[in-house]
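Listed here are the chains, written in short residue letters.
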Amino acid sequence: MLGLVGVWVGSTFVLFVVSMYALAWWSRGRIESAEDFMVAGRRLGFGFTTATVFATWFGAGTLLTASEEVREHGLHKAALDPWGAGACLVIVGLFYARPLYRMGLLTLPDFFARRFGPRSEVVSACLMVPSYFGWIAAQFVALAGLLDVFLGLDPVYGIALVAVVGAGYTFLGGMWSVTVTDAAQVTLLILGLLVLSGHVLATLGEGDWALGWARFLSESDPERLRWMPAGDEAVAAWVAAMAAGALGNVPGQDLMQRVFSARSAAVAQWGCVTAGVAYIGVGMLPLWLALSLRVVGVEESGLGLAVLAKSLMTPPGAVLFTVVMMSAILSTIDSAILSPASVLSENVLRRLDLRTSSLALTRASVVVVTGVSLVFAYSGEDAYAMLEVAYELLLVALLAPLTLGLFTPWGSGASAMASMISGTACWLLHVMLGWDLLFEPWLRPAQIWMPVGIFSAVLGVATYIAVAFVVPRRTSLS
């Protein structure tokens, strides 16, 4: 039998989903072309751009996966998310947003097509699309876990329900519905985190926030508050996670799709920078809440923030926070589905001459991406591992050719292909062998701790430059 909180959560969640679908149906009327569906007609202002960039990433990774890692191991586990991910938004805003926006692209592989040729476009798309499956699956699993905690819904059914809900309103309104719902969800998210944080401080300090903070500091294990771990090998892992977060999603379609949707280059740039700063700031709240669990006396593992809200807050407060977490994850799900679907339709399926409109291909791709991600969700993989793999694949495969191709005159299609293949092959070999460090069986005993993701990315840079000296550039950005 569901308790009072469960009944309220279930009812509120249904109302929330109905509201999101109403917004998506309204957005559907603004969709006349594939450009409208994929980049909202390039009409997003600063507020919408900032909100949708922020909401795209602030989901299960920050609220649940990263917070659980921090609760278990300490603050240094925030290197991947939110510190690395937030830094990525700032980096893209400062360096990549303006030049890429001015090219008038729909997808990031369009850049590879224009700069390096059609072969590089297809290869970059085929590398990019699979990188999203694990990330989407992690969101499915996390939201299904929340439904299990509050509604007792078996995750087997919860995962399927979440997939249908998230894919449904993405299918209806594309980037327009994603943006409008993101704006609503971000407002709920920040409000809910502030309410729960204030409630926990008041609980710790018996009504006094200052005393609550002082108690938290005095009763917390100092080792868990270290922002960087001790030991050379642990620091190497920390650097690898930070690099994956800060650089891995620079060549990500989900972020660049928001850059391309802005109404101007300036909006694209400062929307990313503002969202990045906000992401790091707001992202510290769930980490602090996770660290406060032991001080408060909540020792349950898994979905700790949900358990915290259910244990300490009044039923209305618990309902509010639960819906906040659900909305944050849904805002990531819709964006994560739309991004690879856009690449799949625009840069792969469109080349097959299927005699179908681009808009229909994109909507069909939404269904395909959702289906494959469901398979990943049911595979039982660890959510944090799926997130890290998603970031690292883009880091090792696409960062080098994107950056060197955008900012230097060096390199042709051969350079890009060699870079993508060498970086991916080196990284994939280590992943298949279960090695986190470069040639781990031989270099680890010698105390050489080189993260394989960083080495593979550097290998991609070196390969690109080496081939650029042999094969002259034949393509241009014009």
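Everything here concerns the structure above.
Note that the structure is predicted; figures quoted are calculated from it, not measured.

Trainee: How should a nonpolar patch on the surface be read in this particular structure?
Mentor: Nonpolar side chains collect at one region of the surface, where Phe46, Leu94, Phe95, Trp270 and Phe407 lie side by side and expose about 530 Å² of accessible area between them. Within the fold, tryptophan 270 resides in helix α13 (residues 265-291).

Trainee: I tried to follow the packing of helix α3 (residues 46-57) against α13 on my own but got confused; where do I start?
Mentor: For any two helices packed against each other, one specifies the crossing angle of their axes together with the interaxial distance. It is the contact of α3 with α13, at a shortest axis distance of 8 Å, that shows an interaxial angle of 45°. In terms of orientation, α3 lies oblique with respect to α13. Read as a crossing pair, α3 and α13 show a hand that is right-handed. Packed against α3, whose contacting residues are Phe46, Thr49, Thr50, Val53, Phe54 and Trp57, the element α13 presents Val267, Trp270, Gly271, Cys272, Thr274, Ala275, Ala278, Tyr279 and Val282 at the interface. Here the residues of the contact of α3 with α13 sort into 11 nonpolar, 4 polar and no charged.

Trainee: Can you walk me through the side chain of arginine 71 in this structure?
Mentor: The topology assignment puts arginine 71 in helix α4 (residues 60-73). In this structure the side chain of arginine 71 is engaged in a polar contact, spanning 2.7 Å, whose partner is the side chain of glutamate 72.

Trainee: Could you clarify how one ought to interpret the environment of glutamine 257 in this entry?
Mentor: Within the secondary structure, glutamine 257 sits in helix α12 (residues 253-261). Given a relative accessible area of 0%, glutamine 257 falls into the buried group. Residues glutamine 257 and tyrosine 21, 236 residues apart in the sequence, show an inter-C-alpha distance of 22 Å. Among the polar contacts made by the side chain of glutamine 257, one reaches the side chain of serine 342 at a distance of 3.0 Å.

Trainee: So what exactly am I meant to see when it comes to the pattern of salt bridges here?
Mentor: Pairing is possible between side chains that carry opposite charge, provided their charged atoms lie close to one another. Scanning the model with the defined rule gives 6 salt bridges in all. One salt bridge in this structure joins glutamate 72 and arginine 71, with 2.7 Å as the shortest N-O distance. Residue classification places glutamate 72 among the partly exposed positions, given a relative accessible area of 35%. Judged by its relative accessible area of 2%, arginine 71 is buried.

Trainee: Please explain the nonpolar core as it appears in this structure.
Mentor: Note that soluble globular proteins tend to have their nonpolar side chains buried in a common cluster. Counting 126 residues, the largest nonpolar core has Leu63, Val92, Tyr96, Leu100, Phe111, Phe140 and Val259 as its most contacted members. In terms of residue count, helix α16 (residues 315-347) provides more of this core than any other element does, 15 residues in total. With sequence-adjacent residues up to four places away left out, valine 92 is seen in contact with Ala97, Val250, Leu255, Met256, Val259 and Cys272. Residues Ile31, Ala40, Met175 and Val178 belong to the second largest nonpolar core, which totals 9 residues.

Rules used in this analysis
Residues numbered from 1 in each chain as written. Predicted model: local features only at pLDDT ≥ 70, side-chain atom pairs only at ≥ 80, totals over all residues. Heavy atoms only, no water. Patch = residues over 30% accessible without salt bridge, like charges linked within 9 Å, V, L, I, M, F, W, Y side chains within 5 Å. Areas by Shrake-Rupley, 256 points an atom, 1.4 Å probe, with all protein chains shown as cover. Salt bridge = Lys/Arg side-chain N within 4 Å of Asp/Glu carboxyl O. Helix = DSSP H or I, 4+ residues; strand = E, 2+ residues; numbered from the N terminus. Axes fitted to C-alpha atoms, helices over the stretch in contact; angles between N-to-C directions. Parallel < 35°, antiparallel > 145°, perpendicular 65-115°, else oblique. Left-handed = near helix turned anticlockwise from the far one by under 90°. Contact = heavy atoms within 4.5 Å. Nonpolar A, V, L, I, M, F, W, Y, C, P; charged D, E, K, R; others polar. Polar contact = N/O pair within 3.5 Å; in protein donor to acceptor, adjacent residues only side chain to side chain. Buried < 20%, exposed > 50% of the residue type's maximum accessible area, 1.4 Å probe, protein only. Core = buried A, V, L, I, M, F, W, Y, C linked by side-chain atoms within 4.5 Å.

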